[in-house]
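Below, each chain spelled out in residue letters.
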Amino acid sequence: MTDNITSVSGGGRADAGVSALKGRTGAGAPAETRGRTTIADGVVAKIAGMAAREVPGIYNLGAGMARALGAMRERVPGGGGGVTRGVKVEVGERQAAVDLDVVVEYGVSIVDVAGGVRANVISAVERMTGLEVVEVNVVVDDVHLPDDDEEQTEPDEGRVR
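Residues numbered from 1 in each chain as written. Predicted model: local features only at pLDDT ≥ 70, side-chain atom pairs only at ≥ 80, totals over all residues. Heavy atoms only, no water.

Enquirer: Kindly report on the packing of helix H1 (residues 41-53) against helix H3 (residues 110-129), identifying the contributing residues and their values.
Expert: Closest axis-to-axis distance for the H1/H3 pair is 8 Å, and the angle between their directions is 140 degrees. On the basis of the axis angle, H1 is oblique to H3. For the pair H1 and H3, the crossing hand works out as right-handed. Contact residues: H1 offers Val-44, Ile-47, Ala-48, Ala-51 and Ala-52, while H3 offers Val-117, Asn-120, Val-121, Ala-124, Val-125, Met-128 and Thr-129. Broken down by class, the residue content of the contact of H1 with H3 amounts to 10 nonpolar, 2 polar and no charged. (Axes fitted to C-alpha atoms, helices over the stretch in contact; angles between N-to-C directions. Helix = DSSP H or I, 4+ residues; strand = E, 2+ residues; numbered from the N terminus. Parallel < 35°, antiparallel > 145°, perpendicular 65-115°, else oblique. Left-handed = near helix turned anticlockwise from the far one by under 90°. Contact = heavy atoms within 4.5 Å. Nonpolar A, V, L, I, M, F, W, Y, C, P; charged D, E, K, R; others polar.)

Enquirer: Let's hear about H3: which residues, and what values?
Expert: Over its 20 residues, H3 runs 28 Å from end to end, which matches the ideal 28 Å to within 8%, given 1.5 Å per residue. Listing the buried residues of H3 in full gives Val-113, Ala-114, Val-117, Val-121, Ala-124, Val-125 and Thr-129. For H3, the buried positions fall inside an angular range of 110 degrees around the axis, keeping them on one side. Along H3, exposed side chains directed more than 90 degrees from the buried face belong to Val-111, Asp-112 and Arg-127. Buried-residue contacts for H3 involve H1, strand S3 (58-61), strand S5 (95-105) and strand S6 (132-144). Just downstream of H3, Gly-130 is the residue with a positive phi angle, here 80 degrees. (Expected span 1.5 Å × (residues − 1). Buried < 20%, exposed > 50% of the residue type's maximum accessible area, 1.4 Å probe, protein only. Arc of directions from axis to C-beta.)

Enquirer: Provide a residue-level description of the side chain of Thr-129, including the pertinent values.
Expert: Residue position: Thr-129 is located in helix H3. Thr-129 gets classed as buried once you look at its relative accessible area, which sits at 17%. Separated by 2.5 Å, the side chain of Thr-129 and the backbone oxygen of Val-125 make a polar contact. A distance of 3.1 Å separates a polar side-chain atom of Thr-129 from the backbone nitrogen of Leu-131. Excluding its chain neighbours within four sequence positions, the residues that come into contact with Thr-129 are Ile-39, Val-44 and Ile-47. (Polar contact = N/O pair within 3.5 Å; in protein donor to acceptor, adjacent residues only side chain to side chain.)

Enquirer: Describe the environment of Gly-130, listing the residues and the values that go with them.
Expert: Locating Gly-130 in the fold gives a position in the loop between H3 and S6. Each C-alpha atom, one on Gly-130 and one on Ile-39, is 9.8 Å from the other, the two residues being 91 residues apart in sequence.

Enquirer: Could you give an account of a nonpolar patch on the surface, with specific residues and numbers?
Expert: On the surface, Tyr-106, Ile-110, Val-140, Val-143 and Leu-145 cluster together to form a nonpolar patch covering roughly 410 Å² of accessible area. By the secondary structure assignment, Tyr-106 is in the loop between S5 and H3. Classification of Tyr-106 by relative accessible area gives exposed; the value is 58%. (Patch = residues over 30% accessible without salt bridge, like charges linked within 9 Å, V, L, I, M, F, W, Y side chains within 5 Å. Areas by Shrake-Rupley, 256 points an atom, 1.4 Å probe, with all protein chains shown as cover. Salt bridge = Lys/Arg side-chain N within 4 Å of Asp/Glu carboxyl O.)

Enquirer: Let's hear about the nonpolar core: which residues, and what values?
Expert: Core analysis: the largest hydrophobic core is formed by 26 residues, its most contacted members being Ile-58, Val-87, Val-98, Leu-100, Val-117 and Val-121. Of all the secondary-structure elements, those providing two or more residues to this core are H1, S3, strand S4 (87-91), S5, H3 and S6. In contact with Val-87, other than residues within four places in its own chain, are Ala-45, Ala-48, Gly-49, Leu-61, Val-98, Asp-99 and Leu-100. (Core = buried A, V, L, I, M, F, W, Y, C linked by side-chain atoms within 4.5 Å.)

Enquirer: An account of a negative patch on the surface is requested, with residue identities and associated values reported.
Expert: A surface patch of negative charge is lined by Asp-41, Glu-90, Asp-99 and Glu-135. Here Asp-41 lies in helix H1. Judged by its relative accessible area of 39%, Asp-41 is partly exposed. (Lys, Arg positive; Asp, Glu negative; His and termini not counted. Charge placed at Lys NZ, Arg CZ, Asp CG, Glu CD.)

Enquirer: Mind laying out the confidence of the model for the protein chain, listing which residues take part and the relevant values?
Expert: Overall, the predicted model of the protein chain reaches an average pLDDT of 78, with 65% of residues at or above 70. Least confident of the elements in the protein chain is strand S1 (residues 3-8), whose mean pLDDT is 41; most confident is H3, at 98. Considering only residues more than four positions removed or in separate chains, one finds that residues 1-21, a stretch of pLDDT under 50, has 32 contacts. (pLDDT = per-residue confidence, 0-100.)

Here it is, written out as structure tokens:
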């Protein structure tokens, strides 16, 4: 059995931000240290999108045009759900950053909702992936008004049917 040293560096210099992880290789090494796990950006985006939607006060994710295109895509069979609409992520080897475009319900405290989104996204991403979430940026693009749904779902009384 031999000692294995793995260095991780953020830049070109050998001494900048290097941390050495020592572990054994071979049959005596624990299974979790044998091999490498890579998590795709899309996986982190889905986790972040689902976690953001769980927060009370969030109506939808995505900016105006993205929401309109996403709504059309959802109506097409096989068009996909829009879990990652309004979510952008940057994933490194050990860290991730998340940007979210959200629509909040009218009457809620935007500051409280944004704080809840940050806490829920950080908790979900870190728990499920093991990545450190360094930032969650929340952009509130719109406020959903209660009348918005009524105008779209109720038929006009004066129309011929």
